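What follows is the residue order along each chain.
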Amino acid sequence: MKKKLILENGYQFIGEGFGSDQDKICEIVFNTSMVGYQEIISDPSYTDQAVVMTYPLIGNYGTNEEDYESKLPTISGLIVREYNDFPSNFRQEKTLDEVMKTYDIAGIAEIDTRKLVRIIRDYGTCKCMITSEETTLEQGLAILKDAKLRQDQVSRVCCSKIWESPKTAPAAHGDGYKVVAIDCGMKLNIVRSMNAVGCDVVIVPYDTPAEKIMEFEPDGIFISNGPGDPTDVPETSQTIRALIGKYPIFGICLGHQLISLAYGAKTYKLKFGHRGGNHPVKNLLNGRVEVTSQNHSYAVDTESLKGTGLEITHLNLLDQTVEGVRSTKDQVFSVQYHPESAPGPEDSKYLFDEFLKMMEGK
């Protein structure tokens, strides 16, 4: 069936529908990755968003049970140039269309995604509506004008109760380390990555108080990625503030922003965000350039870091935004990108080893 994509700035596109038939009102963003559509639709950081894939062919290798980044995907929509409903891959178990119908994710194909991405780059991310062809532009714009995007994404996608994930590889030191991970919408591959370096991980909800976390007697604290505006979850920043100096702390993506807020820095929303598997980041500590996987709408304000005690460690070479900070005194560090990227470049996996070294010397 035909579907229509309407943007709040007045643009509209008509294409072929797949996935859920339900109308969706959400924020539209784009991702430049060539592979990884299953990880993208199951990444909690995309909650309430419709993602435009710049790579022209999507669906060609299907989906499988091993590659999900969350158990219940919460993305709203997927927009592609060409959708392939006849995948060919030895690992594939279901088509992308089948998965999207299961999790109520709307899809639209056969539209000019190059033009659409240029519009987002020029005008910035905005509200959009995926709807039936019968919805007129005037009707869609009226609905979008009155629509309010939700601000409770983290509370909806984090775990509802504490759970544990034991290490899957021998520990390099003794029995290994216990890490408490604060779940703000965490990708499962982060847990897998820490298990693979010999860490037992206890996962707790985003609003777990510091006193409860300390009861686990952890060797280190991890702050996860997640969706939305970091200022919408002050509880997590408050918890981080109470834990600073007591344990080594490592943060990724939203976790990076929340750590910066805990130190008194500020964040702001980027025009169209960073989403893809090929973002160059310079490590200021050794001069190396890392190819990174990214997915975020917000960034830490450079000027606001002055006087906080945090040192900038990484910069995005495309726009000079802050990609990493640290406090050696407090044994705290964080990065804006995803060293656990799946799929994606592996340049930054050393960061998990850095976390291990920090816990070793605590």
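No experiment lies behind these values; they were computed from the predicted model shown.

Soluble globular proteins: nonpolar side chains tend toward being buried together. Formed by 32 residues in total, the largest nonpolar core has its most connected members in I221, I223, I249 and L258. Residue assignment for this core shows that the elements contributing at least two residues are β11 (177-183), β12 (199-205), α7 (210-214), β13 (220-223), α8 (234-243), α9 (254-262) and β18 (322-327). In terms of residue count, α9 provides more of this core than any other element does, 5 residues in total. Those residues within four positions of I223 in sequence are excluded, and the remaining contacts are I182, T236, I240, I249, F250, G251, I252, G255, L258 and I259. Grouped together as the second largest cluster of nonpolar side chains are 25 residues, A181, C199, I203 and L351 included.

Along strand β3 (residues 24-31), 7 of the 8 residues are buried, which leaves the element largely enclosed by surrounding structure. For β3 and strand β9 (residues 126-132), the ladder comprises 5 bridges, and the chain directions are antiparallel. Bridged to E27 within β9 is K127. Across 5 bridges, β3 lies against strand β4 (residues 49-53) in parallel orientation. The partner of N31 across the bridge, within β4, is M53.

In this section: empty space enclosed by the protein. One pass over the full model with this rule turns up 1 cavity of 30 Å³ or more. Space inside the largest cavity adds up to approximately 30 Å³. Around the largest cavity, the lining residues are T63, N64, E65, Y68, E93, K94 and V99. Each residue belonging to the lining of the largest cavity can be placed in one class, and the counts come to 2 nonpolar, 2 polar and 3 charged.

With respect to topology, 7 strands assemble into a closed barrel ordered β1-β2-β8-β6-β4-β3-β9, the strand pairing being mixed. Pairs of neighbouring strands in the sheet enclose a mean axial angle of 35°, with direction left out of account. Each of β1 (2-7), β2 (12-19), β3, β4 and β6 (77-79) is contacted by helix α3 (residues 113-123), which is oriented at about 95° to β3, the strand it contacts most. Relative to the sheet, helix α4 (residues 137-146) contacts β1, β2, β3 and β9, its axis offset from that of β1 by approximately 50°.

Let us look at unusual backbone geometry. With a phi close to 65°, E110 is a non-glycine residue in the positive phi region. Secondary-structure assignment places E110 in the loop between β8 (106-109) and α3. Its identity is not glycine, yet Q320 carries a phi of approximately 65°, on the positive side. Looking at the secondary structure, you find Q320 in the loop between β17 (311-316) and β18.

Where nonpolar side chains cluster on the molecular surface, the patch consists of I25, I143 and L149 and spans about 220 Å² of accessible area. Considering the arrangement of structural elements, one finds I25 in strand β3.

The rules we used
- Residues numbered from 1 in each chain as written.
- Predicted model: local features only at pLDDT ≥ 70, side-chain atom pairs only at ≥ 80, totals over all residues.
- Heavy atoms only, no water.
- Core = buried A, V, L, I, M, F, W, Y, C linked by side-chain atoms within 4.5 Å.
- Buried < 20%, exposed > 50% of the residue type's maximum accessible area, 1.4 Å probe, protein only.
- Helix = DSSP H or I, 4+ residues; strand = E, 2+ residues; numbered from the N terminus.
- Contact = heavy atoms within 4.5 Å.
- Pairing = 2+ DSSP bridges.
- 1 Å grid on protein atoms, 1.4 Å probe; cavity = no way out; pocket = protein on both sides within 12 Å on 5 of 7 lines; lining within 4 Å.
- Points joined across faces, edges and corners; volume = space filled by probe spheres on them.
- Nonpolar A, V, L, I, M, F, W, Y, C, P; charged D, E, K, R; others polar.
- Axes fitted to C-alpha atoms, helices over the stretch in contact; angles between N-to-C directions.
- Patch = residues over 30% accessible without salt bridge, like charges linked within 9 Å, V, L, I, M, F, W, Y side chains within 5 Å.
- Areas by Shrake-Rupley, 256 points an atom, 1.4 Å probe, with all protein chains shown as cover.
- Salt bridge = Lys/Arg side-chain N within 4 Å of Asp/Glu carboxyl O.

Shape descriptors only; they carry no functional weight alone.
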